[in-house]
Amino acid sequence: MLRKPLPSSPGGTSFPAMSKSENTTASTTASTTASTTETHTAATRLLNRPVGALTELPEGFHGLAGARKVDALLALEDPKAFIAALDPAEALVLFTDIGLTDCTELLALTTPEQRAAFFDLDAWRGPELDTEKVDEWLDLLEAADADTVPEAVAALDSEFLTDYVLSLVKVVFERTDEDAYNYWLQSHDLVESPDGQLYLVVERGDEESARRVRRLLGELYRHDVEMGFSLLIHAQTGLRLENEELAHQFRVARLADLGFPPPEDAHVLYSRLNVAEIRDSLPERVPSIPPEAPPLGWALMRGDVRRDSFLARCLDAVEPGHDGDGRRDAVARELGLCVNRAVVASPEGLDLRDTDRLGELAVLVAGATSIGLEVLTEGSVSAGAALLGRVSVLELHQLGHTQLVELAVRARRIAARGGGLLDPDTLDLLSALDARPSPRWSAAAGEASQPFKRFAELAATTKRVAAAERQVDLFEHHLGFSRERFEAHAFTGLSPDDKRFIRFDTLLRTLAAHVGLGRAPSFDPLKASDVLALIGQLGAVMDRVAVFGGSLDGQARDALGAAARQLVEELRPLSRTDVPDARFLGGVLLVKNSTDVG
């Protein structure tokens, strides 16, 4: 029976009543959090410290170059004990950060269990065996200590080894089978087993596959001849697909012991959670017990997850002492395990070689967790400190992620309604919010999107999304102009290229221009002569728009008035006699390409 990962126990209890000064809104607290310059020493040590055996890393280790990192580790009092104490995932990420090919001396110090785990962690692409990665690890282990390779190969599942062999050969048959020998020799090359009892069939001229299978079998036979022979008999009668499926199942079970749950369990990280239900359940909760699986502490260090964090402030507020220290450790462990889940659930899957990606996932997880805690406690640090260790980090993340996803769903609907009529900055924001699996945001125009870390960022983004929503509502419900009507509109006089750059703002100013000319409201492009006439009547534009706005509700009236003011400001510097160039007015209002002034 395959082993299953232990579920996180949600535990918790009620938190103390908030004082009047603490019972502030989350947005107010978030603003305070963003502006504070306080150094949260306890939280910094907790969330960004090395975890487990990584506490023995030399001071300044991360600032060293690859080769010097190796020297620093070998200079430890007992480097073999340090390496052996690392969880396999931490060891793999450490070696990857240094550079795998530079780590042969360190790989020589690894345990058989670590070496076997490297194949589980790094030799698969989803459910498929990555045979090139298998070869790479065999090369690395051979360069580190050739005498350890036979033992490393023998430690792998027979299904794993069979899958590898069948990926390189077509058929395995016994040497005494003359019919098979005569048949395959005509069109293929034959590789003899190390004991001379079987043949393996490879494509004619495929010397690379022949070399690879000879190398693997040679190492296996060197360890145990009977084991090697049994493997080939298994490959003779087995199917690659069956062996790969079984090998992957066994791998998934072992990965759960290493802290990486199956994908279906990992995606629980992104389940929806209702804040009211969590609050209602608090009185019946008991303290949670964190799972024993090893967290990916390296990602916490690389991600710098504590900066400007409400979670960090709450951790600092936990009362010191044995119980408080234990609760802090539990939070760190649970947070690391949530990062493990995020690694498995990410589109790239369990890929530990991209250490920058691991740091980014840690930021995503810690940010959503901090936001969830702030929402749950309505910004009360003392309440947050009381909840830590009682409400699981997994639940806090689910709660924070729910807030982000709800905003992302709202943004997706706005993007579908507004499309290219929204301004580019808004479109960039809506696109960032649609990132999977966790929404992102952009602080300003031209800046790359980034993970949410604080509630203040969520609040500010919500305001921008709400503004875009109001703009879409204005056109759909008050001005009768939807995205569908835009796509069907002729816009006579505009080229297809010009039409691509039409925005809600230009449509609104065009509407204000028609009203300012004393005409019926319209979104049709103006002629150059219309613009000249408008320049001559700028003094009357605001009054005419105000009269027309009297028939609209407050939101539409205010928006049209603001558009009219922008229009007047843009046109005031222009000459009343020179024909305006449509190319320079395209961002202001819709103007036909023709210079006809008649």
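Here is what the cut-offs are and how they apply
Residues numbered from 1 in each chain as written. Predicted model: local features only at pLDDT ≥ 70, side-chain atom pairs only at ≥ 80, totals over all residues. Heavy atoms only, no water. Helix = DSSP H or I, 4+ residues; strand = E, 2+ residues; numbered from the N terminus. Buried < 20%, exposed > 50% of the residue type's maximum accessible area, 1.4 Å probe, protein only. Contact = heavy atoms within 4.5 Å. Areas by Shrake-Rupley, 256 points an atom, 1.4 Å probe, with all protein chains shown as cover. Axes fitted to C-alpha atoms, helices over the stretch in contact; angles between N-to-C directions. Parallel < 35°, antiparallel > 145°, perpendicular 65-115°, else oblique. Nonpolar A, V, L, I, M, F, W, Y, C, P; charged D, E, K, R; others polar. Expected span 1.5 Å × (residues − 1). Salt bridge = Lys/Arg side-chain N within 4 Å of Asp/Glu carboxyl O. Pairing = 2+ DSSP bridges. Core = buried A, V, L, I, M, F, W, Y, C linked by side-chain atoms within 4.5 Å. Polar contact = N/O pair within 3.5 Å; in protein donor to acceptor, adjacent residues only side chain to side chain. Left-handed = near helix turned anticlockwise from the far one by under 90°. Patch = residues over 30% accessible without salt bridge, like charges linked within 9 Å, V, L, I, M, F, W, Y side chains within 5 Å. Lys, Arg positive; Asp, Glu negative; His and termini not counted. Charge placed at Lys NZ, Arg CZ, Asp CG, Glu CD. Phe/Tyr/Trp six-rings, centres within 6.5 Å; stacked < 30°, edge-to-face > 60°.

### Concerning the overall build of the protein
- The number of helices and strands found in the protein is 31 helices and seven strands.
- The proportion of buried residues among the 598 residues of the protein is 51%.
- In the protein, of all internal contacts separated by at least 6 residues, the share reaching a separation of at least 24 is 74%.
- On the protein, roughly 27000 Å² of surface is accessible, and the fraction owed to carbon and sulfur atoms is 50%.

### Quick notes on the packing of helix α29 (residues 538-549) against helix α30 (residues 554-571)
- At a minimum axis separation of 10 Å, α29 and α30 run at an interaxial angle of 170 degrees. As the angle between them shows, α29 and α30 are arranged roughly antiparallel. Contacts between α29 and α30 involve L538, V541, M542, V545, F548 and G549 on the former and, on the latter, R557, L560, G561, A564, R565, V568 and L571.
- The class makeup of the residues in the contact of α29 with α30 is nine nonpolar, two polar and two charged.

### Some details on helix α27 (residues 504-516)
- Here α27 spans 18 Å end to end across 13 residues, near enough to the 18 Å set by a 1.5 Å rise per residue.
- Of all 13 residues making up α27, twelve are buried, and the element is well covered by its neighbours.
- Where α27 is concerned, the buried positions are F504, T506, L507, L508, R509, T510, L511, A512, A513, H514, V515 and G516.

### Observations regarding the pattern of salt bridges
- Tallied over the entire structure, the rule returns 26 salt bridges.
- With a shortest N-O distance of 2.5 Å, D122 and R353 are connected by a salt bridge. Highlighted residues: D122 in helix α7 (residues 112-122) and R353 in the loop between α19 (322-345) and α20 (355-377), separated in sequence by 231 residues.
- Accessibility expressed as a relative area gives 3% for D122, which makes it buried.
- Under the relative-accessibility criterion, R353 is labelled partly exposed at 22%.
- One salt bridge connects D139 with R215, and the closest N-O pair in it is separated by 3.0 Å. Within this pair, whereas D139 is found in helix α8 (residues 131-145), its partner R215 is found in helix α12 (residues 207-223), the two being separated by 76 residues in sequence.
- On the accessibility criterion, D139 (41% relative accessible area) is partly exposed.

### Comments concerning the environment of L129
- You can see L129 is positioned in strand β2 (residues 128-129).
- On the basis of relative accessible area, L129 is assigned to the buried category, the value being 4%.
- Here the alpha-carbon distance between L129 and E244, two residues 115 residues apart in the chain, equals 7.2 Å.
- With near-sequence residues (within four places) excluded, L129 lies in contact with A123, W124, V134, F160, D163, Y164, R240 and E244.

### What to know about the sheet that holds strand β4 (residues 188-192)
- Spatial strand order, β3-β5-β4: three strands in an open sheet with antiparallel pairing. Each edge of the sheet is formed by a strand with only one pairing partner; in this case those strands are β3 (171-174) and β4. With strand direction ignored, the average angle separating the axes of adjacent strands in the sheet is 30 degrees.
- Direction of pairing for β3 relative to strand β5 (residues 198-203): antiparallel, over a ladder of four bridges. Residue pairing across strands places F173 opposite Y199, the latter belonging to β5.

### A word on the environment of E113
- Residue position: E113 is located in helix α7.
- Since its relative accessible area comes to 58%, E113 is described here as exposed.

### Concerning the nonpolar core
- Counting residues in hydrophobic clusters, the biggest one holds 103 residues, and the most contacted among them are F95, F260 and L352.
- Setting aside anything within four residues of it in sequence, one finds F260 in contact with A89, L121, L255, L296, N340, V344, L350 and L352.

### A word on the side chain of S370
- Mapping S370 onto the fold places it in helix α20.
- In terms of polar contacts, S370 uses its side chain to reach the backbone amide nitrogen of F310, at 3.2 Å.
- The contact partners of S370, leaving out residues within four places of it in the chain, are S309, F310, L311 and K453.

### A few points about the pairing of β4
- With five bridges joining them, β4 and β5 adopt antiparallel strand pairing. Along β5, the bridge assignment pairs V191 with L200.
- Taking the residues that link successive antiparallel strands as the turn, the β4-β5 hairpin has five residues, and the phi of G196 there is positive, at about 75 degrees.

### Considering the packing of helix α22 (residues 393-418) against helix α24 (residues 455-478)
- Two elements in contact, α22 and α24, have axes separated by 10 Å at closest approach and are oriented at 30 degrees. Here α22 lies roughly parallel to α24, going by the angle between them. Of the two possible hands of crossing, α22 and α24 adopt the one that is left-handed. Packed against α22, whose contacting residues are Q403, L404, L407, R410, I414, R417 and G418, the element α24 presents L458, T461, T462, V465, A466, A468, E469, V472, D473, E476 and H477 at the interface.
- Split by residue class, the contact of α22 with α24 holds eight nonpolar, five polar and five charged.

### Describing the side chain of D122
- At 2.9 Å, the side chain of D122 forms a polar contact with the side chain of W137.
- In this structure D122 touches L92, K133, W137 and R353, once residues within four positions along its chain are discounted.

### Points about a negative patch on the surface
- Judged by side-chain charge, E174, D177, E178 and D179 come together as a negatively charged surface patch.
- By the secondary structure assignment, D179 is in helix α11 (residues 178-185).

### Considering the packing of aromatic side chains
- In this structure the tally under the stated criterion is eleven aromatic pairs.
- Plain terms: the ring middles of F475 and F504 are 4.7 Å apart, the flat faces sit at 40 degrees to each other, and that makes the pair tilted. Taken as a pair, F475 in helix α24 and F504 in helix α27 lie far apart in primary sequence, 29 residues in all.
- Owing to a relative accessible area of 2%, F504 belongs among the buried residues under this scheme.
- Taken together through their ring pairs, the aromatic side chains of F95, F118 and W137 make up a single cluster.

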